[in-house]
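# Chains, contacts and geometry: an overview
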Amino acid sequence: MTRYSDPARVRILDESPRDECGVVGITGVERAAEQAFLALYALQHRGQESAGICAIHEGIGRLHKRLGLAAEVFDGNVLKDLVGDTAVGHVRYSTAGGGQLANAQPIMVRYSMGDLAIAHNGNLTNAQDVRSRLVKEGAIFQTDSDSEVIIHLIARSRHETVEGQIDDALTYLEGAFSLILSVGDTLYAVRDPRGFRPLVLGRKGDGFVVASETCALDIIGAEFIRDIEPGEVLKLRRKEITPLRNLLPALRQAPCIFELVYFARPDSKIFGLSVDRARRAFGRQLAREHPVQADAVLAVPDSANSAALGFSEESGAPFELGLLRNHYVGRTFIRPSQEDRDFSARIKYAPVREVLEGRRVVVVDDSLVRGTTSRSLVNIIREAGASEVHLRIASPPVRFPCYYGIDMPTKEELMGHRMSIAEIEKHLGVDSLGYLSLEGMEEAVKEGGPFCNACFSGDYTAPLVDLDKGLIRPEDAKCC
């Protein structure tokens, strides 16, 4: 889980998995670092531990990165010094490597072809295997990040051109990687052949923007062009864009369906789909699969709002604001000394008694991971006067860890692995529990598939090299 530089600042422990990183690359745009900062602000939900921007001017990179949120890391004076019309930015939620500043990104190095910066979202499933071979050959690593492996592979390539060296490095990689690299004033955007993590392309004026989600384009007024395709490599330099499609082989596509379930912002468009519309479709299908007589439909805010609206639309039960989320909790409060198993939920969610009292309610959540927050939330809703509490989950049971760039608990910590649905229903104390089926979830967004559903099915599409070779423990097989 996340560590923070100030031990007095403690994050509420909840049951949600975390996405690892958000990335942005901009070229051909004046004051690119300022635009990159705004983009990172929009991508803050993808990583709250550290933020960084490398700005490039006349081939020279200037890097600023710190632990903390983007708004804490950057101010006007810092951005003023990050001059150039090319920039690479990153927000991180650590999984691979710890929460040290050394593991923050972008990583920048002095390179024979010009300063090189890299920002990575994903998880290399063979990072330790490649790393151990590089160390035997004399490589010296300064971080625990799997992204540094990519830099060493590029630097040690014998190809003469930058494109050839990047191509050479990419052939060694397994797993999930959406990458943005800058070499001098040239930007490269890479998405792994299976397309696990999203990466989108936009245009701003005569320049280009690459980012994890379209919400990063919207905030800076960039026009969305398209998704970068699985296996695609693009070269971008100011006003020019050159596809280098032959660099990665096409494999079975496997975009992460959990991005649509939970991680991506609802106002984003990824994998060719509106996230909001996908979640509404999950909610409608959930209502068809698990109908219930109820007086109101509630969302566990905020990530389940769209799914709850879909459930309401299909079921006919009105959507109500029965739960409010405290957006000022963040990571900064001090735990009380007294023991209160419901404290985290109580500080995070507040019931609206006038909505709940004496009513049969359906509570819709996007997913159920550990289940600790959900059990406390049910207690809070009942105490507020609800006569019945029916829980509906807009995804299947999470039974398996993710090794492709999402920080989930180990298998033993996952409620869906430890318990049957009947046992979970009893444990949470709800009147009924219903999960969206895997088939129903995939049918709801079939136009964007096929998807990676490994956290639900255990079907891992990319080889888990480090895990299979015993180079890492399962709990350490995480990202960036």
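Residues numbered from 1 in each chain as written. Predicted model: local features only at pLDDT ≥ 70, side-chain atom pairs only at ≥ 80, totals over all residues. Heavy atoms only, no water.

## Remarks on the nonpolar core
One finds F258, L260, F282, V364, Y404 and V445 to be the most contacted residues of the largest nonpolar core, which totals 48 residues. Within the residue set of this core, elements represented by two or more residues are α8 (257-263), α9 (275-289), β17 (296-299), α10 (305-315), β20 (360-365) and α17 (454-457). Considering every element that reaches this core, the biggest residue donor is α8, with six residues. The contacts of L260, once residues within four sequence positions are left out, are I270, F271, L273, V275, A278, R279, F282, V445 and F451. (Core = buried A, V, L, I, M, F, W, Y, C linked by side-chain atoms within 4.5 Å. Buried < 20%, exposed > 50% of the residue type's maximum accessible area, 1.4 Å probe, protein only. Helix = DSSP H or I, 4+ residues; strand = E, 2+ residues; numbered from the N terminus. Contact = heavy atoms within 4.5 Å.)

## Topic: the sheet that holds β20
Taken in spatial order, the four strands make up an open sheet running β17-β20-β21-β23, and their pairing is parallel. In the strand order of this sheet, the two ends are held by β17 and β23 (432-435), each with one partner. For this sheet, the mean inter-axis angle between neighbouring strands, taken without regard to orientation, is 20 degrees. Bridge count for β20 against strand β21 (residues 388-393) is six bridges, and the pairing is parallel. Opposite D365, over in β21, you have I393 as the bridge partner. Across the sheet, α10 is in contact with β17, β20 and β21; its angle to β17 comes to roughly 165 degrees. Across the sheet, helix α13 (residues 372-383) touches β20 and β21, and the angle it forms with β21 is around 150 degrees. (Pairing = 2+ DSSP bridges. Axes fitted to C-alpha atoms, helices over the stretch in contact; angles between N-to-C directions.)

## Thoughts on the environment of A117
Assignment of secondary structure puts A117 in strand β7 (residues 116-124). Classification of A117 as buried rests on a relative accessible area of 0%.

## Here's the deal with the pattern of salt bridges
Throughout the structure, instances matching the rule amount to 26 salt bridges. Of the charged contacts, one joins E259 and R197 as a salt bridge, the two residues approaching to 2.8 Å between their closest N and O atoms. With E259 in helix α8 and R197 in the loop between β9 (186-191) and β10 (200-204), this residue pair connects regions lying 62 residues apart in the sequence. By relative accessible area, E259 is classed as buried at 0%. A relative accessible area of 1% means that R197 is categorised as buried. (Salt bridge = Lys/Arg side-chain N within 4 Å of Asp/Glu carboxyl O.)

## Quick look at the packing of helix α4 (residues 127-136) against helix α5 (residues 147-156)
It is at 10 Å that the axes of α4 and α5 come closest, and there the two elements cross at 45 degrees. The angle between the axes of α4 and α5 places the two elements in the oblique class. With respect to the hand of their crossing, α4 and α5 are arranged in left-handed fashion. Together, A127, V130, R131 and L134 of α4 and V149, H152, L153 and R156 of α5 make up the contact between the two elements. Class assignment for the residues of the contact of α4 with α5 results in five nonpolar, one polar and two charged. (Parallel < 35°, antiparallel > 145°, perpendicular 65-115°, else oblique. Left-handed = near helix turned anticlockwise from the far one by under 90°. Nonpolar A, V, L, I, M, F, W, Y, C, P; charged D, E, K, R; others polar.)

## Here we look at the packing of α5 against helix α6 (residues 162-170)
Axis separation between α5 and α6 bottoms out at 8 Å; the angle between their running directions is 130 degrees. Judged on the interaxial angle alone, α6 and α5 are oblique. As α5 packs across α6, the resulting crossing turns out to be right-handed. Along its contact with α5, which presents I150, L153 and I154, the element α6 presents Q165, I166 and A169. When its residues are assigned to classes, the contact of α5 with α6 shows five nonpolar, one polar and no charged.

## What about the sheet that holds strand β3 (residues 50-57)?
Within a sheet, each strand pairs with its neighbour through backbone hydrogen bonds, oriented either parallel or antiparallel. In spatial order, the strands read β4-β3-β5-β2-β11-β10-β12; together these seven strands make up an open sheet with antiparallel pairing. The sheet terminates laterally at β4 (60-67) and β12 (223-227), the two strands that pair on one side only. This sheet shows a mean twist of 15 degrees between the axes of neighbouring strands, independent of strand direction. Sheet analysis places β3 next to β4, joined by eight bridges and oriented antiparallel. Bridge assignment links I53 to a residue of β4, and that residue is H64.

## Quick word on α9
Here α9 is 15 residues long and its end C-alpha atoms lie 21 Å apart, about the 21 Å a rise of 1.5 Å per residue gives. Across the 15 residues that make up α9, a large majority, eleven, are buried. Taken together, the buried positions of α9 are V275, D276, A278, R279, R280, A281, F282, G283, Q285, L286 and A287. (Expected span 1.5 Å × (residues − 1).)

## Some points on empty space enclosed by the protein
Scanning the entire structure with this criterion turns up three cavities of 30 Å³ or more. Space inside the largest cavity adds up to approximately 70 Å³. Surrounding the largest cavity, 14 residues form its lining, C256, C402, C452, A454 and C455 being those nearest its centre. Among the residues making up the lining of the largest cavity, the classes are represented as twelve nonpolar, one polar and one charged. (1 Å grid on protein atoms, 1.4 Å probe; cavity = no way out; pocket = protein on both sides within 12 Å on 5 of 7 lines; lining within 4 Å. Points joined across faces, edges and corners; volume = space filled by probe spheres on them.)

## Things to note about the confidence of the model for the chain
In the predicted model, the chain carries a mean pLDDT of 89, and the fraction of residues at 70 or more is 90%. Every residue in residues 1-19 is under pLDDT 50, and counting partners more than four places away or in other chains gives 69 contacts. (pLDDT = per-residue confidence, 0-100.)

## Notes on the state of the cysteines
Taken as a whole and assessed by the stated rule, the structure comprises zero disulfides. No disulfide involves C256; its sulfur sits 5.9 Å from the nearest other cysteine sulfur, which is in C402. (Disulfide = S-S within 2.5 Å.)

## Things to note about the packing of aromatic side chains
Tallying each qualifying case throughout the model produces ten aromatic pairs. Ring centres 5.4 Å apart and planes at 45 degrees place the aromatic pair F258 and F263 in the tilted group. According to the relative accessible area criterion, F258 is buried, its value standing at 0%. Joined through ring pairs, the aromatic side chains of F196, Y403, Y404 and Y460 make up one cluster. (Phe/Tyr/Trp six-rings, centres within 6.5 Å; stacked < 30°, edge-to-face > 60°.)

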